[in-house]
Amino acid sequence: MRTPLSLKPSLALTLMLGLATQPISGCFSGCNPAPSAPPPAPPAMSAPAGRSGMSDLPPDPRALKNGGQNNAPASTGAVGTTALPAKPVPGSALNKFFPNDADGYDRIFTQEKNGFAMANLNKGGKTVATLSINDCAALPSSRDKFKSAGRSVAGNPATNDGMSGIAMLVGDRYQVKIRATGGALSDSEMQAWLEKFDLSGLAGLK
C-alpha cells in the first residue's frame with residue numbers, strides 16, 4: 001500500500017505565495033460596491049452668432065417702420081432759435097425788398113405799418129395776388145407754424161397759407177407771403193413770385 005505523496009516544503013511555500021498574489025474578484029457579504037464616477041457635465045450652450053449676450057426681445061416697431069433704423073423724425077430745429085428784438089422794424093424799411101414790376105404785372109403798395117408792409121400785384125387792371133412782409137418781432141408766435149413746415153422755397157421753410165397762398169420764413173424773423181385772388185395764380189407761379197423778393201437782403205435786415 002502506497003503512502004500519500006508528500007510535498008517538499010519549498011514547493012508548498014511557492015504554491016501558497018502564488019495564491020496570495022491573485023486578485024480577489026467579487027464582494028463578500030456585507031461589503032459596499034465602490035461608487036461609480038459621475039456622468040460628464042453637458043457642454044455649455046453658446047449664444048447664436050451675432051446675438052451673443054442679448055436676450056431674444058421682439059424688434060422695436062419704430063425700427064421696422066424706418067427700414068431697420070431706429071431714427072427719430074427729422075425736425076426744423078433752426079426755426080424759432082433766433083432771439084427777436086423788442087420792437088419790429090418800421091414798415092417803410094420793408095418796401096425795398098418787394099419784387100419790382102415785371103412781365104405786365106404792377107406792384108402797388110396798399111398798406112404800411114410798424115413791422116408790416118403789403119402790396120397788390122395787378123395785371124390788366126385787376127388784382128391777381130397780394131404780397132406782404134411781416135416782422136415776427138411784433139408777434140413771435142407767428143413763427144411757430146414753420147416748425148413743422150411741409151415745404152421749402154429758396155431754401156427757406158415754407159407752408160401753404162389757406163387754399164391759395166404760400167408763406168415762408170426768412171432769416172428766422174420775417175414772414176413773406178403771397179395770396180392769389182380767386183385762383184388767378186398757380187402754386188408754381190406763387191412760388192416764383194416769392195423767389196423774386198430780395199430774400200438775402202431781407203434776411204440781413206436788423
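Residues numbered from 1 in each chain as written. Predicted model: local features only at pLDDT ≥ 70, side-chain atom pairs only at ≥ 80, totals over all residues. Heavy atoms only, no water.

Considerations on the nonpolar core
Here is step 1 of the chain: Grouped together as the largest cluster of nonpolar side chains are 29 residues, with contacts concentrated most on Ile-133, Ile-178, Leu-185 and Leu-202.
Here is step 2 of the chain: Among all residues touching Ile-178, those that are not within four sequence positions of it are Ala-129, Thr-130, Leu-131, Ser-164, Gly-165, Ile-166, Leu-185, Met-190, Trp-193 and Leu-194.
Here is step 3 of the chain: Of all hydrophobic cores here, the second largest spans five residues; its members include Cys-136, Phe-146, Ala-167 and Leu-169. (Core = buried A, V, L, I, M, F, W, Y, C linked by side-chain atoms within 4.5 Å. Buried < 20%, exposed > 50% of the residue type's maximum accessible area, 1.4 Å probe, protein only. Contact = heavy atoms within 4.5 Å.)

A look at the pattern of salt bridges
Here is step 1 of the chain: Enumeration over the complete set of coordinates arrives at six salt bridges.
Here is step 2 of the chain: A salt bridge links Asp-161 to Arg-179; the nearest nitrogen and oxygen atoms lie 2.4 Å apart. Placement of the pair is Asp-161 in the loop between β5 (156-160) and β6 (165-170) and Arg-179 in strand β7 (residues 174-180), with a sequence separation of 18 residues.
Here is step 3 of the chain: Overall, Asp-161 belongs to the buried group, its relative accessible area being 11%.
Here is step 4 of the chain: Overlapping salt bridges, with partners in common, bring together Asp-161, Lys-177 and Arg-179 in one network. (Salt bridge = Lys/Arg side-chain N within 4 Å of Asp/Glu carboxyl O. Helix = DSSP H or I, 4+ residues; strand = E, 2+ residues; numbered from the N terminus.)

Remarks on the sheet that holds strand β4 (residues 151-153)
Here is step 1 of the chain: Taken in spatial order, the seven strands make up an open sheet running β1-β2-β3-β7-β6-β5-β4, and their pairing is antiparallel. Only two strands of the sheet have a single partner each, and these edge strands are β1 (105-113) and β4. Taken over all neighbouring pairs, the strand axes of this sheet differ in orientation by 25° on average, direction set aside.
Here is step 2 of the chain: Relative to strand β2 (residues 116-123), β1 runs antiparallel, the two being bridged by eight bridges. (Pairing = 2+ DSSP bridges. Axes fitted to C-alpha atoms, helices over the stretch in contact; angles between N-to-C directions.)

Things to note about the pairing of β2
Here is step 1 of the chain: Counting buried residues along β2, six of its eight residues qualify, which places the element largely inside the surrounding structure.
Here is step 2 of the chain: Once β1 ends, the chain turns through two residues before running back antiparallel as β2, passing Gly-115 with a positive phi of about 80°.
Here is step 3 of the chain: Where β2 lies against strand β3 (residues 126-135), eight bridges are found, and the strand directions are antiparallel. Looking across to β3, one finds that Leu-121 is bridged to Ala-129.
Here is step 4 of the chain: Taking the residues between adjacent antiparallel strands as the criterion, β2 and β3 are bridged by two residues, where Gly-124 takes a positive phi near 65°.

Observations regarding the environment of Ala-117
Here is step 1 of the chain: Note that Ala-117 resides in strand β2.
Here is step 2 of the chain: By relative accessible area, which is 0% here, Ala-117 ends up buried.
Here is step 3 of the chain: Spatially, the C-alpha atoms of Ala-117 and Asn-134 are 6.8 Å apart, while their sequence positions differ by 17 residues.
Here is step 4 of the chain: The residues touching Ala-117, leaving out its near neighbours within four places in the chain, are Gly-91, Leu-94, Asn-95, Phe-98, Gln-111, Glu-112, Leu-131, Ser-132 and Ile-133.

These figures come from the coordinates and say nothing about function on their own.
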